[in-house]
Amino acid sequence: MHILLTGGSGFIGSNFVRYVLRDRPGYSVTNLDCLTYSGNPENLSDVEGGPRYTFVHGNILDIELVTELMQKVDCVVHMAAESHVDRSIIDARPFVESNVLGTQTLLDALRRVDPDNTKKFVHVSTDEVFGDLPLDKPDELFSETTPYAPSSPYSSSKAGSDMIARAYHHTFGMQVMITNCSNNHGPYQFPEKVIPLFVTNLIEGKKVPLYGDGQNVRDWLHVEDHNEAVLAVLEKGTAGEQYCIGGNNERSNLELTHSILELMGKGEDMIERVTDRLGHDRRYAIDATKLKTELGWAPSRSAWPQALEATVKWYVDNEAWWKNVKSGAYRKYYETQYGSR
Ligand code: TYD
């Protein structure tokens, strides 16, 4: 099985590459990534040059390039996306371009090379497309039947991409499957997201900026659990279906922050209360029953506090990686490899 993975140099994508090469000896991966700020070749330096891994530097909006790549593969796992809510509040345009137009471009390219719809396309998305849940109704959860109600420019662009993906299944009979995951954590996450930002700030002696009242809740999923679920959908999922992936592990930001502080041996004084994010979603939480009953998947690596401990330890042990990322040093590396953009 030869997978075309988009966005494989990012956080979830690079973990996916490593997972597939380790766990699926018969599989190979071609990673198409345009290496914007968060895509980082260093995330995959350990697998580069291996016989089952190929890197292609390019953009999912380049229809000629993606058409050529799709001819050579058996299936597509689409992870490339702009994903940071705060950036989408500052400038939504790259989100619409990469997430909506990028997905449409990939699907059009697949139609060109695969008119008989033999190749599967897994569209990796987010639970944020469902909007948010109230804090005072803990029994309410997102599932595959929850209506779409995105609230940030980011989640709206992902919702748009999900709709395009659904439409291409409905209209053309393409073998499209959609996954909607909760908040991921683990190694190689860009330190703009809350866990790596807070851990690396503390190592640098800086405070951690907690938005608003800190009561917002996220359902934390270990990236390896997420990628295991994506593979289950690729291998056993039904075309046209949607699958929610969650860690079954809800934590408020305040609780998360306290756990990180404790693990790092730091006190409450390191919390800096800052102005809330505009339109900040209150709570995300997933009911992943469908994945369990239909595909036999359940999270096994997301249990707290062990999962958080492992992630925190990775950033403590891999200071060189995140220092390069925070200083932008890796950009210089890939500019010498691939030219500046
Ligand atoms: P984030 O990692 O940006 O993921 P998402 O917005 O997709 O859930 O943020 C996770 C939570 O942490 C979210 O409720 C916002 C909060 N947060 C802070 O309190 N401070 C920060 O500096 C960041 C980046 C996030």
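So, how was this worked out
Residues numbered from 1 in each chain as written. Predicted model: local features only at pLDDT ≥ 70, side-chain atom pairs only at ≥ 80, totals over all residues. Heavy atoms only, no water. Near = heavy atom within 4 Å. Polar contact = N/O pair within 3.5 Å; in protein donor to acceptor, adjacent residues only side chain to side chain. Areas by Shrake-Rupley, 256 points an atom, 1.4 Å probe, with all protein chains shown as cover. Helix = DSSP H or I, 4+ residues; strand = E, 2+ residues; numbered from the N terminus. Buried < 20%, exposed > 50% of the residue type's maximum accessible area, 1.4 Å probe, protein only. Pairing = 2+ DSSP bridges. Expected span 1.5 Å × (residues − 1). Contact = heavy atoms within 4.5 Å.

Engineer: Can you help me understand the site of the ligand in this one?
Structural biologist: Looking at the ligand, there are 18 residues lining it, with Glu128, Pro209, Arg218, Arg277 and His280 nearest. With respect to the ligand, the backbone of Tyr211 contributes an N or O atom lying 2.9 Å from an oxygen atom. Within the complex, 97% of the 510 Å² of free accessible area of the ligand lies under protein. Only helix H6 (194-203) and strand S8 (208-211) provide two or more residues apiece to the shell around the ligand.

Engineer: Looking at this model, I keep getting lost on the environment of Val325. Mind explaining?
Structural biologist: Here Val325 is to be found in helix H11 (residues 319-327). Sequence separation between Val325 and Lys206 is 119 residues, and the spatial gap between their C-alpha atoms is 17 Å.

Engineer: I tried to follow the pairing of strand S11 (residues 242-245) on my own but got confused; where do I start?
Structural biologist: Every other side chain in a regular strand lies on the same face of the sheet, so the side chains alternate between the two faces. Burial of the side chains of S11 extends over both faces: Gln242 and Cys244 are buried on one face and Tyr243 and Ile245 on the other. In terms of strand pairing, strand S6 (residues 175-181) meets S11 through four bridges, oriented parallel. Bridged to Ile178 within S11 is Gln242.

Engineer: Explanation requested: helix H1 (residues 11-23) in the structure shown.
Structural biologist: An α-helix turns once per 3.6 residues; consequently, residues spaced three or four apart project the same way. Here H1 contains 13 residues, and its C-alpha end-to-end distance of 18 Å stays within 8% of the 18 Å for a straight helix at 1.5 Å per residue. In terms of residue burial, H1 counts as a mostly covered element, since ten of its 13 residues are buried. Of all the residues in H1, the buried ones are Phe11, Gly13, Ser14, Asn15, Phe16, Val17, Arg18, Tyr19, Val20 and Leu21. Residues of H1 that are buried sit in contact with strand S1 (2-6), strand S2 (28-33), strand S3 (53-57), strand S4 (75-78), strand S7 (184-185) and helix H7 (223-236).

Engineer: It is not clear to me how unusual backbone geometry should be interpreted in this structure. Could you clarify?
Structural biologist: Note: most residues except glycine have negative phi, and most peptide bonds are trans. For the peptide bond that leads from Trp304 to Pro305, omega is 5°, which places it in the cis range. Structurally, Pro305 can be placed in the loop between helix H9 (289-295) and helix H10 (306-317). Positive phi, normally seen in glycine, also occurs at Tyr188, with a value near 70°. With respect to the element layout, Tyr188 can be found in the loop between S7 and H6. Despite not being glycine, Asn248 shows a phi value in the positive range, around 55°. In this structure, Asn248 sits in the loop between S11 and strand S12 (250-252). Residue Asn248 is classed as exposed on the basis of its relative accessible area, which comes to 70%.

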